[in-house]
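Here's the letter readout for the chains.
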Amino acid sequence: MATLPFSASGVHSKSVSHYISNSSFLDFDHGRRNSKLFFIRTPCFNHSRRRSRRNLSVKNVASDHKQQVKEPNTEEASTSMFTEIIASVDTFVPDSETIASSIKYHSEFTTSFSPEHFQLPKAFYATAESVRDMLIINWNATNTYYEKMNVKQAYYLSMEYLQGRALLNAIGNLELSGAYAEALKKSGHNLEDVAGQEPDAALGNGGLGRLASCFLDSLATLNYPAWGYGLRYKYGLFKQLITKEGQEEVAESWLEMGSPWEISRNDVSYPVKFYGKVILGKDGSKKWVGGEDIMAVAYDVPIPGYKTKTTINLRLWSTKVSPQEFDLHAYNAGDHAKAYAAIKNAEKICYILYPGDESVEGKTLRLKQQYTLCSASLQDIIARYERRSEEPVNWENFPEKVAVQMNDTHPTLCIPELIRILMDVKGLSWKEAWNITQRTVAYTNHTVLPEALEKWSLELMQDLLPRHVEIIRTVDEELLHTIVTEYGTEDLDLLQQKLKQMRILDNIELPESVAKLLVKSEENSAAHPTEEVDISGEESKDAVEEDQSEEQEVEEKNDVTFEPDPTLPKIVRMANLCVAGGHAVNGVAEIHSEIVKNEVFNDFYQLWPQKFQNKTNGVTPRRWIRFCNPDLSKIITKWTGTEDWIINTEILSTLQKFADNEDLHSEWREAKRRNKIKVASFLKEKTGYVVSPDAMFDVQVKRIHEYKRQLMNILGIVYRYKKMKEMSPEERKANFVPRVCIFGGKAFATYVQAKRIVKLITDVGVTVNHDPDIGDLLKVVFVPDYNVSVAEVLIPGSELSQHISTAGMEASGTSNMKFAMNGCIVIGTLDGANVEIREEVGEENFFLFGARAHEIAGLRKERAEGKFVPDPRFEEVKEFVRSGAFGPYNYDGLMGSLEGNEGYGRADYFLVGKDFPSYIECQEKVDEAYRDQKRWTKMSILNTAGSYKFSSDRTIHEYARDIWMIEPLVLP
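Described in the following lines is the structure provided in the data block.

Cut-off values and rules
Each chain has its residues counted from 1, following the order in which its sequence is written. For this predicted model, a pLDDT threshold of at least 70 governs which residues receive local features, and a threshold of 80 or more governs which side-chain atom pairs are given and counted, while totals over whole chains, interfaces and linings are taken from all residues. Only heavy atoms go into the side-chain values, all of them from the structure, while hydrogens and water stay out. Each helix is a run of DSSP H or I of at least 4 residues and each strand a run of E of at least 2, with the numbering of both proceeding from the N terminus. Each residue is placed in one exposure class: buried if its accessible area under a 1.4 Å probe, protein chains only, is under 20% of its type's maximum, exposed if it is over 50%, and partly exposed if it falls in between. Whether two residues are in contact is decided by their heavy atoms: any pair within 4.5 Å suffices. Using the Shrake-Rupley algorithm and a 1.4 Å probe, accessible areas are obtained, with residue cover drawn only from the displayed protein chains. Think of a salt bridge as a Lys or Arg side-chain nitrogen and an Asp or Glu carboxyl oxygen that are within 4 Å of each other. Between any two strands, at least two bridges found by DSSP are needed for them to pair. Assignment of crossover handedness uses the view with strands pointing away from the viewer, where a clockwise path from the first strand over the helix to the second indicates a right-handed crossover. A pair of Phe, Tyr and Trp rings is counted when the ring centres sit within 6.5 Å of each other, with Trp represented by its six-membered ring. The angle between the planes then sorts it: under 30 degrees is stacked, over 60 is edge-to-face, the rest tilted. Whether a charge sits over a ring depends on NZ of Lys or CZ of Arg being within 6 Å of the ring centre and within 35 degrees of the ring normal. By this rule the span expected of a helix is its residue count minus one, scaled by 1.5 Å. Note on definitions: angles span 0 to 180 degrees between N-to-C directions of axes, and those axes are lines fitted to C-alpha atoms, for helices only across the stretch in contact.

1. Section: the overall build of the chain
- Looking only at helices and strands, the chain has 39 helices and 24 strands in total.
- Of all 972 residues assigned to the chain, the portion counted as buried reaches 57%.
- Across the chain, every contact between residues at least 6 apart in sequence was considered, and the portion connecting residues at least 24 apart equals 78%.
- Working note: accessible area of the chain is about 40,300 Å², and carbon and sulfur atoms make up 49% of it.

Put into structure tokens, the structure is as follows:
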């Protein structure tokens, strides 16, 4: 038990006064034009020991506001305040004693723990609050500078952010890791142990959320004026437990003790409406009235850049209603459920990330989440634009100051919501609002999976968002006119095909203005003047038959119908709305962007080729090398001669010239072994399994999905195990390299097949890991509740990483980039960013197998025609699973998905059977390469060297240059 070497009695009133009076926290984003800025005082550092260049403290403008500032919105006052805030940023680099004093203050005045002992949980919260103080100083300066300079700002809207732990990342970016480690050591604690107390923020699940978080880190590091917007999920997606039954889900508890990083902004809130009706005003304007009203309340999270003062903001929305909505009469009458029904109905919007949507209630809740994110964020963005603008506000200039990026289709409602606000609230015309919206909004596509290209029931959306459906109908009508203008009405078959693929509203009657054009076209086509003919003789008979044939062709052509099918649902296609309503559409890897252009949105690409771009994903090298793998970081710095690679990853490529250096090999292998020992210790702690660090660490960690083919991996392991069992001990050792096969990832709660895959992996692990014949030759470990913090342990110690999705189905992937950066060799298909990774690291340093993307459609057709002949090894492994070798669970449902030629959930849609022979043969090549440790180490070095291209810094530069049109803004 550790105890702080100070007590509350040692904090004199003068010291506390100093802490409080020498800091201020400013709200620079709320309030109308001409309103006063709002200040919250927060404890700051004791500046008695410092390395400073000028005065250290920020004068408390809140307590003496009237005397200092006659008119807070005047340019003179703004400049004065800006100077004071900027001065505070440039003031000092705190040493360990200063930090210890700050931690001391927070341990006694701001933590939610008993005062008796300074144990690890309390140490974490006090330390985090101490770091947050410094972040707030930079954060205030950044926002003040944005206000003053009034440059164009990017806003990144995402339904998820997979942040990970923030403490080590924040103090690393502030370059204070050593000072904090020393300060905590004085109180009897280790920095890593304290950091280990932090729960991962449960705001995301997979690559979509992690990409968003990497982007925020890069935006701050590169000094781009930008903010992120998301939702504050109370219980996250779920916490994954692994039991005898497989995966079980319980609610996340990350907010149980509160988050020290977030600042509740109860003064920043916006109304969000659902249901109701639209009324028409006498002047022709529309107004959305009635229905259900909630409030979206802001929670801000500072995001620091690396070696820069810039600290940007992630604003998360939580939902509530006003206290007046609590039905006191019903409560006192004993009807408690009715009394707080409105409160619970509002709060539940931000309970869970991706609530199950099989029920109407679940679908409604998801749509409410998406609209809450869009509406609150846009109201906030517009309020900021108005505050920064001259009077009267020039709305035509809005896209010159605001760029809105939609991270996948979840924020699609930004498009009709921005139009609604501009028209119904700000009084703009349709033409003006539509033009502004198209110039402001851009869309990132993250998937080619049909189920992920969101489609909503028109009936549901009409009920929940009636005004937005009106606007979407108008957007659809604009799009239809564009299509008709482009392709004409002569070829109705072609036009019908284009409308079927491109319409936003699917299976819905055509707007009257478009229908009229088609009627005219049909009338013109039907007008077929007839000449009198002499029907005597054979020639005349032939002519009549020819005319009749032509008439039949005309009739068949006129049979083309544009009427909806009453047997099919009426649908709103959100991806089509994104493409039509934005000025840019980007894929996230070269191969994915080609699929987007040539398959997913080919009709749109033909119409608007200038809209389509590629922006290959990237990951931040700060979190994913520098902070999670310090041993490798030191080696890179030593051999490149600089630490600049942390920001300029192109420097990593200089490692190529040392790829054969024996001294580097020795250091590289030693660093990898130390990381593997950490992984082994971690696995024992989390699962109870003991693994040998001498074995190859083979890892597949990602969301569990059939297209990602964890099933192929585990079937490959089953095949390996079966062959081992058929051999003598001597043959096993001669034929197989020892492996620890590590899995991690969550299966969506209602995704039955994915949960069966988790069950199979864990069952195989139980059998293999307790088989004395196999010993350390093979271990199978499923790590429960995979998240960013788990990844930060596993990735540095990994040697082989599996990215084995069906070709053409993974948009990009980012974990492949993280593994490559850490010298881990990839086995994979030519899918997503694997294609570019292989190009950069060298074909000989990548284990490739499987069908190519352009072959997939043909292979599925071949399967449907009954022409596919499975490999005997594939049949053998399926039969072994069914034999009960891994327990009594019935795997017929899972194995059955790999069989048959047609039918839902059948016919091996993801081509596991087709690629299985290639996969296991490639794994034999992996064993062969690993036996030659000199070769393997060189491959590892070249993977790190070749990963320079996959920094999120590069990606953000491209977004800023090509889509957002923003420039870096460096604080003076």
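2. A look at the pattern of salt bridges
- A full pass over the atoms with the stated rule returns 67 salt bridges.
- Within the structure, one salt-bridge network assembled from shared partners comprises Arg265, Asp300, Arg315, Asp380 and Arg384.

3. Quick look at the pairing of strand E21 (residues 778-783)
- E21 sits mainly inside the fold: six of its six residues count as buried.
- Burial along E21 is two-sided: Leu778, Val780 and Phe782 facing one way and Lys779, Val781 and Val783 facing the other are all buried.
- Pairing of strand E20 (residues 739-744) with E21, which is carried by six bridges, proceeds in the parallel orientation. Across the sheet, the residue bridging to Cys741 is Val780, located in E21.
- Taken together, E20, helix H30 (residues 752-769) and E21 constitute a β-α-β crossover, and its handedness is right-handed.

4. Details of unusual backbone geometry
- Going from Glu391 to Pro392, the amide bond is cis rather than trans, its omega being -10°.
- Note that Pro392 resides in the loop between helix H13 (360-388) and helix H14 (398-401).
- The phi angle at Tyr275 is positive, at roughly 65°, despite the residue not being glycine.
- Position of Tyr275 among the secondary structure elements: in the loop between strand E7 (263-274) and strand E8 (277-280).

5. Some thoughts on the packing of aromatic side chains
- In total, this model carries 32 aromatic pairs according to the counting rule given.
- Relative to Phe109, the ring of Tyr105 lies with its centre 4.8 Å away and its plane at 20°, an arrangement referred to as stacked. With Tyr105 and Phe109 both in helix H4 (residues 96-109) and four residues apart, this pair spans about one turn of that helix.
- Ring pairs connect the aromatic residues Tyr155, Trp227, Tyr229, Tyr270 and Trp317, which therefore count as one cluster.
- Directly above the aromatic system of Trp227 lies the positively charged group of Arg384, at a separation of 4.1 Å from the ring centroid.
- One Lys or Arg, Lys676, reaches over the ring of Phe697 and ends 4.9 Å from the middle of that ring.

6. A word on H30
- The end-to-end C-alpha separation of H30 is 26 Å, in line with the 26 Å expected for 18 residues at 1.5 Å each.
- Where burial is concerned, most of H30 is hidden: 13 out of the 18 residues are buried.

7. Considerations on the sheet that holds strand E11 (residues 311-320)
- Strand order in the open sheet formed by nine strands is E7-E10-E11-E4-E3-E12-E13-E17-E18, with mixed pairing between adjacent strands. The strands lining the two open edges of the sheet, one partner per strand, are E7 and strand E18 (612-614). Going across the sheet, the axis of each strand differs from the next one's by a mean of 25°, ignoring polarity.
- Across the sheet, helix H39 (residues 952-964) lies against strand E3 (153-157), strand E12 (402-407), strand E13 (441-444), strand E17 (585-587) and E18, angled at about 115° from E12, the strand it touches most.

Just distances and angles here, no functional claims.
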